[in-house]
Amino acid sequence: MDSIRVAMNSVEERTVSKGGFALRQGGHEQPDATAWACVLLAAARRSLPQVESGYARLAALQADDGRVSVDPGHVETIWPTALAVLAWRSSSAYGQQCERAARYLLETSGAHWPQFPRSPLAHDTYILGWGWTEGGHAWVEPTAMAVMALRALGRDTHLRVRSGVALLLNRQLSRGGWNYGNTRVFGAELRPNVESTGMALHALAGLVALHEVERSLDYLRERIDRLSTPLSLGWGVLGLQAWEEPVEHLEDRVGDCLRRQEYVGPYDTPALSLVLLPLVRSWPLWRGGQA
C-alpha cells in the first residue's frame, strides 16, 4: 500500500546530522523519537546506517548511572530509559548500555506511601512502580514500559517486575481497561483509554492469567474497529497481538489512519512508528530478536 511505503520512508528521513531521529522532518533529535524509529526500522530490517546512528546517539545520551533523560538539562525526566532498552535490544553491540539501564530501573521507583484510610484515591499507593520523572508517583504507562524493558533483558521473575505487575493489576478498572493510573477518585470510577490499556496488556502478556485481564481484552476488542488515531490504533493492536488476538484488515486500517495526515498534518515519529510497528513485528516488544 502506497501510504504505508511513504510513511516508512518518512520515518527514515527524520534522521539528524549528529545521529538519532527528530519528532518531525527538519526538527531536533529526541530520544523517544530515536528509540521508536530504531525499533520500527530494525523490525522492518531497513536503514541500517540510520538505525546504527540512532543506537549510538542513545548511548551518547545515557548518563553514568544508566538513565536516558528527555534532555540533559532535565535529568529527572527518566521515562525514555525503558525505550532505549527496547531499541538497543535489536543490536548485539549495546549489551553494556542495556545492563546499565536495567540497573538504574531496578534501583529506581516512583514515590509511594501507605494508603490513608480517607484517601480520595482508591488505588494502592504503596506498590512500587515507575513514574515519568525521578521521584514522581508511579503511573501505568511508565510502569508498563519499564516492565517490558526488564523483560526484554530476561528479568521476568525479578521482584521489581513482579511489583510492576501487581501495580498494573491494581490500577485496572473494574469494568476493564486502564487509564493513566487512577481507578476511583472521591468514589467515582474514572474511564479507561485505549493507549494505556494496550500498553498494560502488552506488558502483562505471559505474566498473568487470561482471566485476570479478560475484561480489559473485551474493552479493546469492542473498540478496535473504531480506532483511527495512530497512538490508539498502534497500542490497541499491540495489546491484542501480545495475547495472540487477531486483528482483521490491519493493513487497511493502518492505511486509513495514515491518510488522515492529509488534513491533520504529519504524525510525530513515535506515533508514526507505533502505528506501523504491528505491520512489521508480530511478536511482543519484550521478546528480543526476531520471531
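As the structure is a computational prediction, the values presented were derived from the model and not from experiment. (Residues numbered from 1 in each chain as written. Predicted model: local features only at pLDDT ≥ 70, side-chain atom pairs only at ≥ 80, totals over all residues. Heavy atoms only, no water.)

### A word on the overall build of the protein chain
Here is step 1 of the chain: When its secondary structure is counted, the protein chain shows 13 helices and two strands.
Here is step 2 of the chain: Its C-alpha atoms give the protein chain principal-axis dimensions of roughly 55 × 45 × 35 Å.
Here is step 3 of the chain: Put simply, the protein chain has 291 residues, and 55% of those count as buried.
Here is step 4 of the chain: For the protein chain, the proportion of contacts with a sequence separation of at least 24, taken over those separated by at least 6, is 63%.
Here is step 5 of the chain: For the protein chain, the accessible area works out to roughly 12700 Å², and carbon and sulfur atoms hold 51% of it.
Here is step 6 of the chain: Within the protein chain, the 31 negative side-chain charges are centred at a point lying 3 Å from the centre of the 29 positive side-chain charges. (Helix = DSSP H or I, 4+ residues; strand = E, 2+ residues; numbered from the N terminus. Buried < 20%, exposed > 50% of the residue type's maximum accessible area, 1.4 Å probe, protein only. Contact = heavy atoms within 4.5 Å. Areas by Shrake-Rupley, 256 points an atom, 1.4 Å probe, with all protein chains shown as cover. Lys, Arg positive; Asp, Glu negative; His and termini not counted. Charge placed at Lys NZ, Arg CZ, Asp CG, Glu CD.)

### What to know about the environment of Gln115
Here is step 1 of the chain: By secondary structure assignment, the location of Gln115 is in the loop between α5 (95-107) and α6 (140-152).
Here is step 2 of the chain: On the accessibility criterion, Gln115 (36% relative accessible area) is partly exposed.
Here is step 3 of the chain: A C-alpha to C-alpha distance of 42 Å links Gln115 and Ser91, two positions 24 residues apart in sequence.
Here is step 4 of the chain: When residues no more than four places from it in sequence are discounted, the contact partners of Gln115 are Leu121, Ala122, His123, Asp124 and Thr125.
Here is step 5 of the chain: Side-chain polar atoms of Gln115 contact the backbone oxygen of His123, separated by 2.9 Å. (Polar contact = N/O pair within 3.5 Å; in protein donor to acceptor, adjacent residues only side chain to side chain.)

### Quick look at the environment of Trp178
Here is step 1 of the chain: Within the secondary structure, Trp178 sits in the loop between α7 (159-170) and β1 (184-185).
Here is step 2 of the chain: Between the C-alpha atoms of Trp178 and Arg191, which are 13 residues apart in sequence, the distance is 7.7 Å.

### Structural notes on the nonpolar core
A general trend in soluble globular proteins is that nonpolar side chains are found buried together.
Here is step 1 of the chain: Of all hydrophobic cores here, the largest spans 87 residues; its most connected members are Trp36, Trp88, Met145, Met148, Leu168, Trp235 and Leu276.
Here is step 2 of the chain: Not counting residues within four places of it along the chain, the set of residues in contact with Met148 comprises Leu86, Met199, His202, Ala203, Trp235, Leu285 and Trp286. (Core = buried A, V, L, I, M, F, W, Y, C linked by side-chain atoms within 4.5 Å.)

### Side note on the side chain of Ser232
Here is step 1 of the chain: Position of Ser232 relative to the elements: it lies in helix α10 (residues 230-242).
Here is step 2 of the chain: Separated by 2.5 Å, the side chains of Ser232 and Thr229 make a polar contact.

### Some remarks on the side chain of Arg281
Here is step 1 of the chain: Locating Arg281 in the fold gives a position in the segment after α13 (269-280).
Here is step 2 of the chain: Polar contacts involving the side chain of Arg281 include one to the main-chain carbonyl oxygen of Arg287, which spans 2.6 Å.

### What to know about the packing of α6 against α7
Here is step 1 of the chain: Orientation of α6 relative to α7, taken along the N-to-C sense of each, is 145°, at an axis distance of 10 Å. With respect to the hand of their crossing, α6 and α7 are arranged in left-handed fashion. Residue-level inspection shows Val140, Thr143, Ala144, Val147 and Leu150 of α6 in contact with α7, the latter providing Val161, Gly164, Leu167 and Leu168. (Axes fitted to C-alpha atoms, helices over the stretch in contact; angles between N-to-C directions. Left-handed = near helix turned anticlockwise from the far one by under 90°.)

### Quick notes on the packing of helix α4 (residues 80-88) against α5
Here is step 1 of the chain: At their nearest, the axes of α4 and α5 sit 10 Å apart, and the two run at 150° to each other. With respect to α5, the axis of α4 lies roughly antiparallel. Handedness of the α4/α5 crossing: left-handed. Here Thr81, Ala82, Val85 and Trp88 of α4 come into contact with α5, specifically with Gln97, Cys98, Ala101, Tyr104 and Leu105.
Here is step 2 of the chain: The residue makeup of the contact of α4 with α5, split by class, is seven nonpolar, two polar and no charged. (Parallel < 35°, antiparallel > 145°, perpendicular 65-115°, else oblique. Nonpolar A, V, L, I, M, F, W, Y, C, P; charged D, E, K, R; others polar.)

### Regarding the packing of aromatic side chains
Here is step 1 of the chain: For the structure shown, the criterion picks out five aromatic pairs.
Here is step 2 of the chain: Where Trp88 meets Tyr94, the ring centres are 6.3 Å apart and the plane angle is 10°; that geometry is what we call stacked.
Here is step 3 of the chain: Note on Trp88: relative accessible area 0%, which makes it buried.
Here is step 4 of the chain: Exposure remark for Tyr94: the relative accessible area of 12% places this residue in the buried category. (Phe/Tyr/Trp six-rings, centres within 6.5 Å; stacked < 30°, edge-to-face > 60°.)

### Some words on the environment of Leu41
Here is step 1 of the chain: Inspection of the secondary structure assignment puts Leu41 in helix α2 (residues 31-43).
Here is step 2 of the chain: For Leu41, a relative accessible area of 0% gives the class buried.

### Let's talk about unusual backbone geometry
Here is step 1 of the chain: Phi at Glu244 is positive, roughly 60°, even though this residue is not glycine.
Here is step 2 of the chain: Within the fold, Glu244 resides in the loop between α10 and α11 (250-259).
Here is step 3 of the chain: The exposure class assigned to Glu244 is exposed, which follows from its relative accessible area of 73%.
Here is step 4 of the chain: Even without being glycine, His249 reaches a positive phi, approximately 55°.
Here is step 5 of the chain: Of the residues examined, His249 reaches a relative accessible area of 55% and is grouped as exposed.

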